[in-house]
Amino acid sequence: MKDPITKITTEKEVTRFENEPCKLSYEKQTTTSNTGGPAVISQTIKLSLAPELDVPSGSKIIVAQDGVTNEYTRSSPPEVRMDHQHITLELFERYA
């Protein structure tokens, strides 16, 4: 958004979709080292939603599910299937 007086352009959050049915799934990966160090556990978060929704790269995504609301950022191109798409997410910390 460009300020007409100062001519400075600033970013503004815009809601593209609201109350869309979706599903979060979690997958844990455990990695061990050959040196006997501690195991490293990581988690992959995937969002499943309708294939016709266009979620731009780098979008902030807010998901409210089972009484818990979390903010995520899109970190992958979508895996589009016939009846849904999967988007890999990361927890949102701040804008770059």
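Whatever comes next refers back to the structure up there.
These figures come from a predicted structure and were not determined experimentally.

1. Details of the side chain of Ser48
Point 1. Position of Ser48 relative to the elements: it lies in strand 2 (residues 40-49).
Point 2. A relative accessible area of 15% means that Ser48 is categorised as buried.
Point 3. A distance of 3.0 Å separates the side chain of Ser48 from the side chain of His86, its partner in a polar contact.
Point 4. In contact with Ser48, not counting residues within four places along its chain, are Pro21, Cys22, Lys23, Gln85 and His86.

2. Digging into the pattern of salt bridges
Point 1. For the structure on display, the rule yields five salt bridges.
Point 2. A salt bridge links Lys60 to Glu13; its shortest N-O distance comes to 3.1 Å. Within this pair, whereas Lys60 is found in strand 3 (residues 60-65), its partner Glu13 is found in the segment before strand 1 (22-31), the two being separated by 47 residues in sequence.
Point 3. Overall, Glu13 belongs to the partly exposed group, its relative accessible area being 49%.

Rules and cut-offs
Residues numbered from 1 in each chain as written. Predicted model: local features only at pLDDT ≥ 70, side-chain atom pairs only at ≥ 80, totals over all residues. Heavy atoms only, no water. Helix = DSSP H or I, 4+ residues; strand = E, 2+ residues; numbered from the N terminus. Buried < 20%, exposed > 50% of the residue type's maximum accessible area, 1.4 Å probe, protein only. Polar contact = N/O pair within 3.5 Å; in protein donor to acceptor, adjacent residues only side chain to side chain. Contact = heavy atoms within 4.5 Å. Salt bridge = Lys/Arg side-chain N within 4 Å of Asp/Glu carboxyl O.

Interpretation note: all reported values are geometric properties and have no functional meaning in isolation.
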